[in-house]
Amino acid sequence: MWLFVRRAVERDVRGVIAAGNRETVRVGREILAAGGNAVDAAVAATFVSFLSEIAFVHLGGSGIAQVYHPRRGPQVYDFFSNHPGIGAQRTPSELDFSEVWIDYGGARQSFHLGRGSVAVPGNVFGLCEMARDFGSMPLQRLLEPAIERAREGVVLDRFQAETSALLAPLYTHTEGMRQIFAPRGDIVRPGEKVRIPRLDETLEGIGRQGEEVLRGGDLGRALVEDQRENGGLLTEEDLTHYRVLRDAPICIPYRDRQVLLPGLSSMGGVLTGFAIRLLERFHPGRRKHGSAASLQLLAEVLGAASQARALPENVAEQLSREDTIGRFEEKVRRRLRESTASEAPREPRGPSATSHVSVLDEEGLAVSLTNTAGESAGYVVPGTGFIPNNM
């Protein structure tokens with residue numbers, strides 16, 4: 001199951017920003033208005049999203065981003081999670097690893113929590129590196145809005161509150177999580193404030209030290225010690241050796257444009273590129289935009305992309321090949337001729353909660369940034385306000 005966030009958009013003379021929450025957007029707009037560029041706005045807004053979109057994302061998660069600079073060109077930042085355990089000596093029976101079930105009404109789904117579910121977190125590494133490479137403001141300045149909101153709390157909108165209630169078994173799993181999501185016994189409701197104790201201090205440390213706060217700094221030591229003492233796999237070596245992967249994007253020519261998409265670790269860019277190349281074979285401009293024929297074509301192309309995700313091996317390589325696109329072209333043409341809808345395949349299990357920020361500034365610098373914590377590991381690292389992922 002994938003949970004999608006609603007999108008808030010605001011335009012300003014210095015740019016445009018879209019994100020999953022009005023508070024997230026507000027901070028990005030403030031940074032733009034103060035003279036920051038698109039990367040400054042995206043980084044500041046993302047740090048705030050760990051509070052304003054607390055039902056979906058956390059500081060201890062990971063992500064992927066693409067930056068386009070009008071003179072320096074595009075750059076993909078892959079700061080997704082690594083598998084933990086360098087130097088760890090654990091047997092399965094020693095792990096803090098448990099299962100909870102979420103009831104969605106018509107279906108139930110299991111999730112895994114605990115120290116043993118935590119992968120190497122990438123958000124701090126990726127956001128700090130992006131700010132250093134392309135930002136125009138000091139990191140401490142970019143963290144000020146998040147620090148302020150961490151101290152004062154953030155009012156939850158209905159969407160965040162209702163999602164928190166839906167995921168209550170995860171967010172009331174330990175006392176540390178109950179202090180955040182159910183401080184008075186009941187899960188937080190729309191219009192109530194949510195605070196993460198000690199998170200402001202952790203954010204201040206990031207402002208001073210950047211990602212080094214995880215490589216031997218206070219946050220890294222607290223995280224590793226908690227993992228070591230309570231059945232986790234994450235080690236100091238995992239944090240020391242973690243590196244943000246940087247690469248050129250996938251470049252897809254489409255009509256008179258070049259579409260730039262992130263590659264792996266995300267399948268999103270690969271599948272979008274496949275869909276664009278498949279769609280081009282049907283000359284979509286010949287169908288009236290918004291007509292039944294246009295919507296039918298779009299639905300079948302997107303359905304083909306979902307089916308392509310399930311290819312048995314080397315999916316990314318196969319989707320770039322002309323013969324693969326040709327096979328799916330024939331399937332789509334048959335469906336269009338017969339006016340029958342293709343069956344949607346069963347989606348593979350993946351992180352259930354993501355958030356996205358997009359920013360374009362007046363100089364043409366653009367950022368597209370997605371992050372996730374999976375569903376969170378159901379606990380808070382003591383004394384830090386740091387909620388790890390369960391990926």
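Residues numbered from 1 in each chain as written. Predicted model: local features only at pLDDT ≥ 70, side-chain atom pairs only at ≥ 80, totals over all residues. Heavy atoms only, no water.

**Topic: the overall build of the protein chain**
For the protein chain, the helix and strand inventory stands at 14 helices and 13 strands. A compact globule built from 391 residues would reach a C-alpha radius of gyration of about 21 Å, and the protein chain, at 22 Å, matches this within 12%. The principal-axis extent of the C-alpha atoms belonging to the protein chain is close to 60 × 50 × 45 Å. Looking at the protein chain as a whole, 52% of its 391 residues qualify as buried. In the protein chain, 69% of the contacts between residues at least 6 apart in sequence involve partners at least 24 apart. As displayed, the protein chain offers around 18,000 Å² of accessible surface, 49% of which is attributable to carbon and sulfur atoms. The distance from the centre of the 46 positive side-chain charges to the centre of the 50 negative ones in the protein chain is 6 Å. (Helix = DSSP H or I, 4+ residues; strand = E, 2+ residues; numbered from the N terminus. Rg over C-alpha atoms; globule rule 2.2 N^0.38 Å. Buried < 20%, exposed > 50% of the residue type's maximum accessible area, 1.4 Å probe, protein only. Contact = heavy atoms within 4.5 Å. Areas by Shrake-Rupley, 256 points an atom, 1.4 Å probe, with all protein chains shown as cover. Lys, Arg positive; Asp, Glu negative; His and termini not counted. Charge placed at Lys NZ, Arg CZ, Asp CG, Glu CD.)

**Comments concerning the environment of S368**
Among the structural elements, S368 can be located in strand β13 (residues 366-372). Put simply, S368 and H241 are 127 residues apart on the chain and 26 Å apart in space, counted from C-alpha to C-alpha. Setting aside anything within four residues of it in sequence, one finds S368 in contact with I64, A65, Q66, H356, V357 and S358. At a separation of 3.1 Å, a polar atom in the side chain of S368 contacts the side chain of H356. (Polar contact = N/O pair within 3.5 Å; in protein donor to acceptor, adjacent residues only side chain to side chain.)

**Brief notes about the confidence of the model for the protein chain**
A residue-level look at the protein chain finds 94% of positions with pLDDT of 70 or above and a mean pLDDT of 91. Note on residues 1-6: pLDDT is under 50 here. Beyond four places in sequence and across chains, it has 24 contacts. (pLDDT = per-residue confidence, 0-100.)

**So, a positive patch on the surface**
A cluster of basic residues, R327, K331, R334 and R337, forms a positive patch on the protein surface. Mapped onto the secondary structure, R337 falls in helix α14 (residues 322-338). Judged by relative accessible area, R337 falls into the exposed class, the value being 61%. (Patch = residues over 30% accessible without salt bridge, like charges linked within 9 Å, V, L, I, M, F, W, Y side chains within 5 Å. Salt bridge = Lys/Arg side-chain N within 4 Å of Asp/Glu carboxyl O.)

**A word on the pairing of strand β6 (residues 108-113)**
Pairing analysis gives six bridges linking strand β5 (residues 98-103) to β6, with the strands arranged antiparallel. Its bridge partner lying in β6, S98 is registered against L113. The loop that links β5 with its antiparallel partner β6 comprises four residues; one of these, G105, has a positive phi angle of about 95 degrees. (Pairing = 2+ DSSP bridges.)

**A word on the packing of aromatic side chains**
With the rule as written, the count across this model stands at six aromatic pairs. Here F47 and F50 contribute two aromatic rings whose centre-to-centre distance is 6.0 Å and whose plane-to-plane angle is 90 degrees, an arrangement assigned as edge-to-face. In this pair, F47 and F50 are both assigned in helix α2 (residues 38-52), three residues apart and thus about one turn of the helix distant. Of the two residues examined, F47 and F50, each falls in the buried class. Measuring from ring centre to ring centre gives 4.2 Å for Y171 and F181, while their planes differ by 5 degrees; the resulting arrangement is stacked. Linking Y171 in helix α6 (residues 168-171) with F181 in helix α7 (residues 175-181), this pair joins segments that are ten residues apart in sequence. A cation over a ring is seen here: R115 above Y379, with NZ or CZ 3.8 Å from the ring centre. For the cation-ring pair, K331 lies above F328, with the distance from its terminal atom to the ring centre recorded as 4.8 Å. (Phe/Tyr/Trp six-rings, centres within 6.5 Å; stacked < 30°, edge-to-face > 60°. Lys NZ or Arg CZ within 6 Å of the ring centre and 35° of its normal.)

**Notes on the nonpolar core**
In terms of nonpolar packing, the biggest core is built from 85 residues, with F47, L59, M130, L203 and I206 touching the most fellow members. For this core, the element with the most residues is α2, which contributes eleven residues. Once you skip the residues sitting within four places of it in the chain, F47 turns out to touch L59, L127, L143, A146, L203 and I206. Membership of the second largest hydrophobic core comes to 23 residues, among which are I252, A305, V315 and F328. (Core = buried A, V, L, I, M, F, W, Y, C linked by side-chain atoms within 4.5 Å.)

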